[in-house]
Amino acid sequence: MHDGGTAGKRSDWLEHAVTAALVAAALAAVIAAVRLGSAAGTGGADLGAELRARTERRVAAERDRIRPALDAVARGEREAARREAETALAGLEGNSQLHLLLAGVYRDGGATGTALREYRRAVELLRDYTDRRSPQFIGAGLAPWLREVRPLVSGAALGDLHYLERALAGGCS
Amino acid sequence: MKTLLAWLKNHLDLVSGAAVGLAGAGLVLLGNPRNSGICASCFAENVAGALRLHGDPRMSYLRPELPGFLVGATLAALAGRGFQARSGSAPLVRFFIGAFLIIGSAVFLGCPIKVMLRLAGGDLTAFAGLGGLVAGAWVGVRFLKKGFFLGKSTRTGALAGWVLPGAMALLAAASVLAPAAFTGGLVGAAREHAPPLASLAIGLVVGALAQRSKFCVSGSLRNFFLTRSARQLGGLTLLFVAAFGVNLAAGLFHPGLYDQPGSHLDWGWSVAGMFLVGLGAVLIGGCPFRQLVLAGEGDSDAGAAVLGMLVAGGLVQSWGLRSTIAGATPAGKLATLIGLVLVLGTALAYRDRS
C-alpha cells in the first residue's frame with residue numbers, strides 16, 4: 001500500500017477520505033447525542049441565560065435586605081446608608097450591590113482608600129461592573145475618578161486602584 | 001514577481017511570523033479581547049467552556065480560530081503531501097505536558113504567542129513571561145543536548161491521524177453554524193470576539209502557513225539556542241514588529257505596567273508559569289499553537305498533547321489553576337510547582353543515560 005506507485009497513492013487517498021468521513025460521522029453522532037442529552041437534562045444549553053437567571057434569583061432574594069440602605073441613598077442620607085449597608089453586609093458579605101453602594105458612600109464622603117477597597121470588592125464579586133457591554137457597567141463614572149485620585153493614594157489603596165484599572169482595561173481573563 | 005515569490009517561499013518562517021502578528025493584532029480590531037487576538041491557551045479555555053468542560057460562561061466560546069489552525073494545517077499538509085498518520089512517541093507523557101503548557105500559560109495569562117502580543121500592545125508586565133519562556137526553553141535545550149528523547153513515532157493507520165482533524169472540522173463548522181446557545185460567547189471576555197467567519201478564515205490561513213513553515217515561538221527559541229544563529233529569531237521578531245505596527249496605527253499601543261488588560265503583577269509566578277511552558281514546549285516539540293499544527297498533520301502524539309490542552313482548559317477554570325488580574329491563585333501556584341517537578345522529572349527520566 002505504501003510502495004509509492006499510482007495505485008498505492010490512490011489507495012492512500014481513498015483510505016484518508018473514507019477514514020475522515022467515518023470519523024466526522026462518528027463525532028457528529030456523539031456531539032448530537034451529548035447536545036440532546038443536555039437539552040433534555042438540566043437545560044444547560046444557554047450558559048448566559050443560566051447565569052442571568054441565577055443572578056436574578058439571588059438579587060430578588062436579597063433585595064428586601066438591602067432595601068433600607070438603598071432607600072437611605074435615595075434620600076441622600078449618607079451616614080444612614082452606610083450604617084444600613086454595613087448592617088446588611090453582616091449577613092450578605094457576597095452581595096456586590098452593597099459593596100458598590102458603600103463605595104459610592106465612602107467616595108462621596110472623601111474616604112478614598114475605603115472607597116477603592118469597596119469598589120474592588122464589588123468588582124471581584126461581579127465582573128459585569130467593568131464589562132463595557134454589560135448594562136451594569138460603571139466604568140464611565142469610575143475611570144475618570146480613578147485618574148483623579150491616582151496621585152493621592154499609596155500602599156494597599158494604590159494596589160486596589162491598579163486592580164480596578166486592569167479590570168476596566170478588559171482583556172481575556 | 002517570480003523572484004519575490006521565490007524569496008517568500010524560502011523565508012516562510014518570516015512570512016508566518018508576520019502573518020501571526022498581523023492576525024493577532026487584526027483580530028483585536030475585529031472584536032477579540034485586547035492583546036488576545038491569538039492565544040492558544042485562552043482559546044483552549046474558551047473552547048473547553050463551550051464543550052462544557054468548565055462552567056464559567058465568561059470564558060466559554062467556541063473560538064473558530066482554534067479549530068481553524070488545526071484544519072488549516074491539515075489542508076496545507078494534504079496539499080503539500082505532508083499529511084502522515086503517525087504515533088508512538090510517549091503519547092500519555094505528551095498529554096500531561098500538553099496540560100501543563102495550558103496551566104503554565106493560565107498562570108501567566110497567555111501562551112507564548114500572547115507574550116509577544118502583550119508586549120506589542122505595551123504591556124511591560126509581559127517581560128516577566130518572556131524571561132520565563134526564554135529560560136525554560138534554554139533549560140529544555142540543555143536536556144535535548146544531553147540526549148532527551150521521547151521515542152520515535154512511526155507511521156500508523158490513517159484513522160489515528162484523522163481523529164483530531166475530523167473533530168476540529170466539526171467544531172469549525174459548529175463555530176460558524178451553530179446557535180449561540182451551543183457556541184457560547186454571551187458574557188464577559190467570551191463575548192468579545194471577531195465575526196466567526198472572519199475568525200475561521202484567519203485561523204485557516206495562519207494554520208496553513210504555520211504548517212508549511214513550522215513556525216513556533218518556543219521552537220524559534222529552541223533553534224536559536226541550538227544553532228546560535230540570530231536568523232532563527234526572524235519570525236519571532238516579525239511577529240512582534242507586525243503586531244506593534246498595527247497596534248500603533250490603530251491607537252492600541254499603551255505602554256505601562258499597572259493598567260494592562262488581562263495581566264497581573266505577580267512577577268515571580270509569571271516567570272514560573274512561562275518557564276514551565278518554555279521547558280515543556282521544547283520537550284514535546286513546540287508550544288500549544290505548534291501542537292495544534294502538528295496534530296493537523298496527522299501526528300497523534302501531538303493530538304494527545306492537544307487533548308491534554310483541552311482537558312486542562314477546563315481544569316484551569318473549574319479548579320482555579322490559574323491567575324486572575326489580582327494575581328496567581330493558590331491552586332495555580334501549587335499546580336505550577338507540581339508541573340515544574342513533573343516536567344523536570346520527565347526530562348531527567350528520558351535523557352540519554354548511556
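Up top is the structure.
Conventions adopted
Residues numbered from 1 in each chain as written. Chains lettered and ligands numbered in written order. Predicted model: local features only at pLDDT ≥ 70, side-chain atom pairs only at ≥ 80, totals over all residues. Helix = DSSP H or I, 4+ residues; strand = E, 2+ residues; numbered from the N terminus. Buried ≥ 20, exposed ≤ 12 C-beta atoms within 10 Å, placed from the backbone. Contact = placed C-beta atoms within 7 Å. Nonpolar A, V, L, I, M, F, W, Y, C, P; charged D, E, K, R; others polar. Core = buried A, V, L, I, M, F, W, Y, C linked by C-beta atoms within 7 Å. Axes fitted to C-alpha atoms, helices over the stretch in contact; angles between N-to-C directions. Parallel < 35°, antiparallel > 145°, perpendicular 65-115°, else oblique. Left-handed = near helix turned anticlockwise from the far one by under 90°.

A.B. asks: Describe the overall build of chain A, and please don't skip the residues or the numbers.
C.D. replies: For chain A, the helix and strand inventory stands at 7 helices and 0 strands. Classification of the 173 residues of chain A by burial places 29% in the buried group. Restricting to contacts in chain A with at least 6 residues of sequence separation, those with at least 24 account for 43%.

A.B. asks: Describe the interface of chain A and chain B, and please don't skip the residues or the numbers.
C.D. replies: Each partner contributes to the interface: chain A provides 29 residues, whereas chain B provides 36 residues. Classifying every residue of the side of chain A that touches chain B gives 13 nonpolar, 8 polar and 8 charged.

A.B. asks: Describe helix 15 (residues 288–296) of chain B, listing the residues and the values that go with them.
C.D. replies: Quick reminder: α-helices carry 3.6 residues per turn. Residues three or four places apart thus point the same way. In terms of burial, helix 15 of chain B is largely enclosed, as 9 of its 9 residues are buried. Within the sequence span of helix 15 of chain B, burial applies to B:P288, B:F289, B:R290, B:Q291, B:L292, B:V293, B:L294, B:A295 and B:G296.

A.B. asks: An account of the nonpolar core is needed here, citing residue identities and associated values.
C.D. replies: Among the nonpolar cores identified, the biggest contains 127 residues, and B:I103, B:I113 and B:M116 are the most heavily contacted of them. The contacts of B:I103, once residues within four sequence positions are left out, are B:A312, B:V316, B:L321, B:A335, B:T336 and B:G339. Among the nonpolar cores identified, the runner-up in size contains 28 residues, and A:L98, A:Y106, A:L161 and A:Y163 belong to it.

A.B. asks: I'd like to hear about the packing of helix 4 (residues 65–79) of chain B against helix 8 (residues 158–177) of chain B, residue by residue, with values.
C.D. replies: Packed helices, taken two at a time, are described by the angle between their axes plus the distance between the axes. All names here are of chain B. At a minimum axis separation of 8 Å, helix 4 and helix 8 run at an interaxial angle of 130 degrees. The orientation of helix 4 relative to helix 8 falls into the category oblique. You can see that helix 4 and helix 8 cross each other, and the crossing is left-handed. From helix 4, P67, G68, L70, V71 and T74 reach across to helix 8, where they touch L164, P165, M168, A169, L171, A172 and S175. Its residues assigned to classes, the contact of helix 4 with helix 8 shows 9 nonpolar, 3 polar and no charged.

A.B. asks: Describe the packing of helix 4 (residues 96–108) of chain A against helix 5 (residues 112–125) of chain A, naming the residues involved and giving the relevant values.
C.D. replies: All names here are of chain A. Relative orientation of the contacting elements helix 4 and helix 5 amounts to 160 degrees, with a least axis distance of 8 Å. By the angle between their directions, the pair helix 4 and helix 5 is classed as roughly antiparallel. Helix 4 and helix 5 meet at a crossing whose hand is left-handed. Residues S96, H99, L100, L102, A103, Y106 and R107 of helix 4 form the contact with helix 5, whose own contacting residues are T114, A115, E118, Y119, R121, A122 and L125. In terms of residue class, the contact of helix 4 with helix 5 is built from 8 nonpolar, 3 polar and 3 charged.

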